[in-house]
Amino acid sequence: MLMSVSLTLLEGFVVTLELFLLTLLFALPLGLVLSFGTMSRCAPLRWVVKTVVWIVRGTPLMLQIMVVFYGPGLMFDLPLLPRFTAAVVTFVINYACYFSEIYRGGIQGVPVGQQEAGLVLGMKRGQIFFKVTLLQVIKRIVPPMGNEFITLVKDTALVRVISVYEIIWMGESYIKKGMIWPLFYTAVFYLVANGVLTLLFGWIEKKLNYFK
Amino acid sequence: MPVLDVQHIEKHFGATRVLEDISFSLEQGQALAIIGSSGSGKTTLLRCLNFLETPNQGKILVNGETLFDADDPATQRESEVRKKRLHFGLVFQSFNLFPQYTALENVTLAGELLAKERPDFKQNKRAILEEIRTQGQALLERMGLSDRAGHYPHQLSGGQQQRVAIARALALKPDILCFDEPTSALDPELTGEVLKVIRSLAQQKTTMIIVTHEMAFARDVADQVIFMDGGVIVEQGPARQVIEQPREERTRQFLSRYSQN
Ligand SMILES: Nc1ncnc2c1ncn2[C@@H]1O[C@H](COP(=O)(O)OP(=O)(O)OP(=O)(O)O)[C@@H](O)[C@H]1O
Ligand SMILES: [Mg+2]
């Protein structure tokens, strides 16, 4: 019994992990683009991006999932997106906004003197970014990114509201058969995934500890 | 011909005039000290010389060549500004060392990046990098830091960090080395080691501009002194004369406030 439940849940967990990885794949670069938008010298662009980030961060992710999935059909009579696609789209937008704030904090946290020191030494802007600033930004964003990654693993459970067959949905399906423990058992999968992430981020932080 | 000739520099930020009609020149091998109260525009002047700020008026000539002319946009092209910056070195009040690099790497990084632009870099890569490294090591030795080459900035005292920063600026062999209050961020017991290094640079006839609040140091080490107040040069002349027998009332007041503290 335990074996077959585990396998079924694992099947759902693969979907969870796919959502997790696809979100990171797109949201990490998109977040960087957004962060440049919020720091842009062009005021209209800056305000547009800031407003989007404000809306996305100011509303519940669960609501956003429902809006992306049901919204186009209900409001514009468009065909529904496949459930999993809708989930990925929502997560990418949502997490890109959170990441953009982390990037912005990381970039603005590097003292301007670092860039000026590079300029005075005749370095090109690209050289300053890659040789001087980048690693300092990475060092600053690793801890908050670690937190976001862990939150993301848990947030994937929200796609249950549009019936994506991820691990929570799989666990719930046992309730009809009179079994509640498989749903509770899903916690183990999340814990393992987040345990791995915690170790990974701890290791990266330690690797970057050689400078301050 | 002077190494540096600054003519009628003016700088404002919005409505605030920070520099007004600044003119002076500097001969090869001379040290110029700039003194003046807080907010008088000393840092802004050094930043203009290093192209970190763009003056609104005036010209900057080095060895007779016009590096900057506010009336000639051709002298302000970003691509050329980078090369022009190399005529100047700047040592910051807050050191601004690169934290992820060792002392030696801080000194050699910019030189290595510049060397990549040399046409013969690919062929002689090894020899070129080796030479830069040897020079960097020699500079650290001159700063009394040969045993600290492999240390990261956070493992060094403020005085040591500032000496690494001086070595870093010297590595590119600037025509004019600028210091912006190099000892102001240091604990009093650490200022001596940095001043000693600058003093020895002066003895070796390094052309320097030193913004400082250390009046005795300015008097002893500089050849010329400029006193600034409210964005203008109030008085300039031989160091001893300006500091011991200032001609201007404002200079006298400023110096007497200093000797009281
Ligand atoms: N980026 C800026 N924008 C607006 N005002 C500025 C800017 N930089 C400097 N200022 C103003 O210019 C004036 C001169 O500043 P500056 O830093 O050059 O003085 P300073 O002589 O170096 O003073 P200190 O001895 O305190 O270092 C000050 O009033 C300062 O507020
Ligand atoms: Mg200053």
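Our structure is the block above this text.
The text that follows walks through the structure, step by step, so that each part is easy to find.

About the criteria used
- Residues numbered from 1 in each chain as written.
- Chains lettered and ligands numbered in written order.
- Predicted model: local features only at pLDDT ≥ 70, side-chain atom pairs only at ≥ 80, totals over all residues.
- Heavy atoms only, no water.
- Helix = DSSP H or I, 4+ residues; strand = E, 2+ residues; numbered from the N terminus.
- Rg over C-alpha atoms; globule rule 2.2 N^0.38 Å.
- Buried < 20%, exposed > 50% of the residue type's maximum accessible area, 1.4 Å probe, protein only.
- Contact = heavy atoms within 4.5 Å.
- Areas by Shrake-Rupley, 256 points an atom, 1.4 Å probe, with all protein chains shown as cover.
- Lys, Arg positive; Asp, Glu negative; His and termini not counted.
- Charge placed at Lys NZ, Arg CZ, Asp CG, Glu CD.
- Pairing = 2+ DSSP bridges.
- Axes fitted to C-alpha atoms, helices over the stretch in contact; angles between N-to-C directions.
- 1 Å grid on protein atoms, 1.4 Å probe; cavity = no way out; pocket = protein on both sides within 12 Å on 5 of 7 lines; lining within 4 Å.
- Points joined across faces, edges and corners; volume = space filled by probe spheres on them.
- Nonpolar A, V, L, I, M, F, W, Y, C, P; charged D, E, K, R; others polar.
- Patch = residues over 30% accessible without salt bridge, like charges linked within 9 Å, V, L, I, M, F, W, Y side chains within 5 Å.
- Salt bridge = Lys/Arg side-chain N within 4 Å of Asp/Glu carboxyl O.
- Near = heavy atom within 4 Å.
- Polar contact = N/O pair within 3.5 Å; in protein donor to acceptor, adjacent residues only side chain to side chain.
- Buried area = accessible area lost by both parts, 1.4 Å probe.
- Left-handed = near helix turned anticlockwise from the far one by under 90°.

A few words on the overall build of chain B. For chain B, the helix and strand inventory stands at 9 helices and 10 strands. Computed over C-alpha atoms, the radius of gyration of chain B comes to 19 Å, within 12% of the 18 Å expected from 2.2 N^0.38 for 261 residues, which places it in the range of a compact globule. Across the 261 residues of chain B, 55% fall into the buried class. Partitioning the contacts of chain B with sequence separation of at least 6, the portion at a separation of at least 24 is 64%. Accessible surface computed for chain B: about 11,800 Å², of which carbon and sulfur atoms make up 45%. Once the 30 positive and 34 negative side-chain charges of chain B are each reduced to a mean point, those two points are 4 Å apart.

Before going further, it helps to spend a moment on the sheet that holds strand E2 (residues 16-26) of chain B. All names here are of chain B. With antiparallel pairing, the 4 strands of this open sheet are ordered in space as E2-E1-E4-E5. Each of the sheet's edge strands pairs with one partner strand only, and the pair in question is E2 and strand E5 (65-69). This sheet shows a mean twist of 20° between the axes of neighbouring strands, independent of strand direction. Looking at chain direction, strand E1 (residues 4-13) and E2 are connected through 7 bridges and run antiparallel. Its bridge partner lying in E2, lysine 11 is registered against leucine 19. Docked against the sheet, helix H1 (residues 42-49) engages E1, E2 and strand E4 (57-62), running at close to 65° with respect to E2.

Time to look at empty space enclosed by the protein. Counted by the stated rule, this structure contains 1 cavity of 30 Å³ or more. Volume-wise, the largest cavity comes out at about 90 Å³. The wall of the largest cavity is formed by Ala117, Val120 and Leu121 of chain A together with Leu86, Phe88, Gly89, Leu90, Phe92, Ala165, Arg168, Ala169 and Leu172 of chain B. Split into classes, the residues belonging to the lining of the largest cavity amount to 10 nonpolar, 1 polar and 1 charged.

A few words on a nonpolar patch on the surface. All names here are of chain A. Where nonpolar side chains cluster on the molecular surface, the patch consists of Met1, Leu2, Ile175, Ile180, Trp181 and Phe184 and spans about 630 Å² of accessible area. Among the structural elements, tryptophan 181 can be located in helix H8 (residues 181-207). Exposure remark for tryptophan 181: the relative accessible area of 34% places this residue in the partly exposed category.

Residue and element names in this part refer to chain B. Taken together, Phe13, Val18, Ser37, Ser38, Gly39, Ser40, Gly41, Lys42, Thr43, Thr44, Glu181 and His213 make up the full set of residues near ligand 1. Contact distances for ligand 1 include 2.6 Å between an oxygen atom and a side-chain N or O atom of threonine 43. Within the contact set of ligand 1, an oxygen atom lies 2.5 Å away from a side-chain nitrogen or oxygen of threonine 44. Contact with the protein chains hides 58% of the accessible area of ligand 1, taken as 640 Å² for the molecule alone.

On to the pairing of strand E7 (residues 176-180) of chain B, then. Residues and elements named next belong to chain B. Of all 5 residues making up E7, 5 are buried, and the element is well covered by its neighbours. Here strand E6 (residues 88-91) pairs with E7 via 4 bridges, running parallel. Pairing of phenylalanine 88 across the sheet is with isoleucine 176, part of E7. Bridging between E7 and strand E8 (residues 208-211) involves 4 bridges; their strand directions are parallel.

Moving on to the interface of chain A and chain B. How big an interface is tends to be expressed through the accessible area that disappears when the partners come together. Contacts between chain A and chain B engage 20 residues on the former and 27 residues on the latter. For chain A, the biggest contributors to the area lost against chain B are Val120, Leu121 and Lys131 of chain A; these three give 30% of the whole. The salt bridge partner of arginine 47 of chain B is glutamate 116 of chain A, with a shortest N-O separation of 2.9 Å. Connecting chain A to chain B are 8 residue pairs in polar contact (both at pLDDT 80 or more). Those elements giving two or more residues to the side of chain A that touches chain B turn out to be helix H5 (112-120) and helix H6 (125-155) of chain A. With 7 residues, the single largest contributor to the side of chain A that touches chain B is H5 of chain A. Here the residues of the side of chain A that touches chain B are counted per class, giving 9 nonpolar, 6 polar and 5 charged.

Before going further, it helps to examine the pattern of salt bridges. If you walk through the whole model with that rule in mind, you get 20 salt bridges over all chains. Residue glutamate 53 of chain B is joined to arginine 47 of chain B by a salt bridge in which the shortest nitrogen-to-oxygen separation is 3.1 Å. Both residues of the pair, glutamate 53 of chain B and arginine 47 of chain B, belong to the buried class. Bridged by salt links that share partners, the residues Lys124 of chain A together with Arg82, Lys83 and Glu117 of chain B form one connected network.

Next up on the list: the sheet that holds strand E3 (residues 31-36) of chain B. All names here are of chain B. What the 6 strands build is an open sheet, ordered E6-E7-E8-E3-E9-E10; its pairing is mixed. The outermost strands of the open sheet, each flanked by one partner alone, are E6 and strand E10 (232-238). Pairwise comparison of adjacent strand axes, ignoring direction, gives a mean angle of 20° for this sheet. In the packing of helix H6 (residues 188-203) onto the sheet, contacts are made with E7 and E8, and the angle to E8 comes to roughly 150°.

The grouping of Lys131 of chain A together with Lys116, Lys122 and Lys125 of chain B at the surface amounts to a positive patch. Along the chain, the position of lysine 122 of chain B falls in helix H4 (residues 121-142).

Bringing the layout of surface pockets into the picture now. All names here are of chain B. For the largest pocket, the calculated volume is near 560 Å³. Contributing to the lining of the largest pocket are 27 residues, with Gln135, Leu170, Ala171, Leu172 and Lys173 lying nearest its centre. Mapped by element, the contributors of at least two residues to the lining of the largest pocket are helix H3 (103-115), H4 and helix H5 (158-171). When residues in the lining of the largest pocket are grouped by element, the largest group, 7 residues, is from H4.

All names here are of chain B. It is the contact of H3 with H4, at a shortest axis distance of 9 Å, that shows an interaxial angle of 145°. The chirality of how H3 crosses H4 is right-handed. Contacts between H3 and H4 involve Ala103, Leu104, Val107, Thr108, Gly111, Glu112 and Ala115 from the former and Phe121, Ile128, Leu129, Ile132, Arg133, Gly136, Gln137, Leu139 and Leu140 from the latter. Considered class by class, the residues forming the contact of H3 with H4 number 10 nonpolar, 4 polar and 2 charged.

Interpretation note: all reported values are geometric properties and have no functional meaning in isolation.
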